[in-house]
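These are the residues of each chain, in order.
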Amino acid sequence: MYQQRSPINFTDRLDCPVIFFQGLEDQVVPPNQTQAMVTALQAKGLPVAYVPFEGEQHGFRKAENIKKSLEAELYFYSRIFSFELTELIESVIIENTPF
C-alpha cells in the first residue's frame, strides 16, 4: 500500500513547478523523503525549490516560520508566473529556471 501511495514512485507524472517546505524535525515526512522528491524533480528538469525549517515538525507552529513560508510561496509564484511583487521579500532558490 505504501508503494502505491508514495509520490516518489510517480514523479514521472509530474510536469509542473513544485516548492517544498520541510520541517527538519518532521517524523511524518522525514527530510530525506522530501530531499528524494527534490532530487527527482531536479533530474526531470522541473522548476523546484526546497525551503527547510529548523525546529519545525509536520505543520509549522512558529509564527516567524509561517510568515516565511507564506512569503516564500508568494515569491515562488511571482517567479513562475512572471509577476512583480509590490514589496521586497526574501528570495528563494528555484532550480531549473532561466531566471
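Data block above holds the structure.
Residues numbered from 1 in each chain as written. Predicted model: local features only at pLDDT ≥ 70, side-chain atom pairs only at ≥ 80, totals over all residues. Heavy atoms only, no water.

A. Broad picture of the nonpolar core. One finds Ile-19, Ala-49, Val-51, Phe-53, Ala-72, Tyr-75, Phe-76, Ile-89, Val-92 and Ile-94 forming the largest nonpolar core, which totals 10 residues. For this core, the secondary structure elements donating two or more residues are β2 (48-53) and α3 (63-80). Tyr-75 has contacts with Leu-85, Ile-89, Glu-90, Ser-91, Val-92 and Ile-94, leaving out every residue within four places of it along the chain. By size, the runner-up hydrophobic cluster in this structure holds 7 residues, among which are Phe-20, Val-38, Leu-41 and Leu-46. (Core = buried A, V, L, I, M, F, W, Y, C linked by side-chain atoms within 4.5 Å. Buried < 20%, exposed > 50% of the residue type's maximum accessible area, 1.4 Å probe, protein only. Helix = DSSP H or I, 4+ residues; strand = E, 2+ residues; numbered from the N terminus. Contact = heavy atoms within 4.5 Å.)

B. Inspection of the environment of Ala-43 at higher detail. Inspection of the secondary structure puts Ala-43 in helix α2 (residues 31-44). Once the C-alpha coordinates of Ala-43 and Phe-83 are considered, the two residues, 40 residues apart in sequence, prove to be 26 Å apart.

C. Up close: the environment of Pro-52. Assignment of secondary structure puts Pro-52 in strand β2. Given a relative accessible area of 36%, Pro-52 falls into the partly exposed group. Pro-52 sits 31 residues away from Phe-21 along the chain, and the two C-alpha atoms are 5.8 Å apart. Not counting residues up to four positions away in its chain, the partners in contact with Pro-52 are Gln-22 and Leu-24.

Interpretation in functional terms is not warranted from these geometric data alone.
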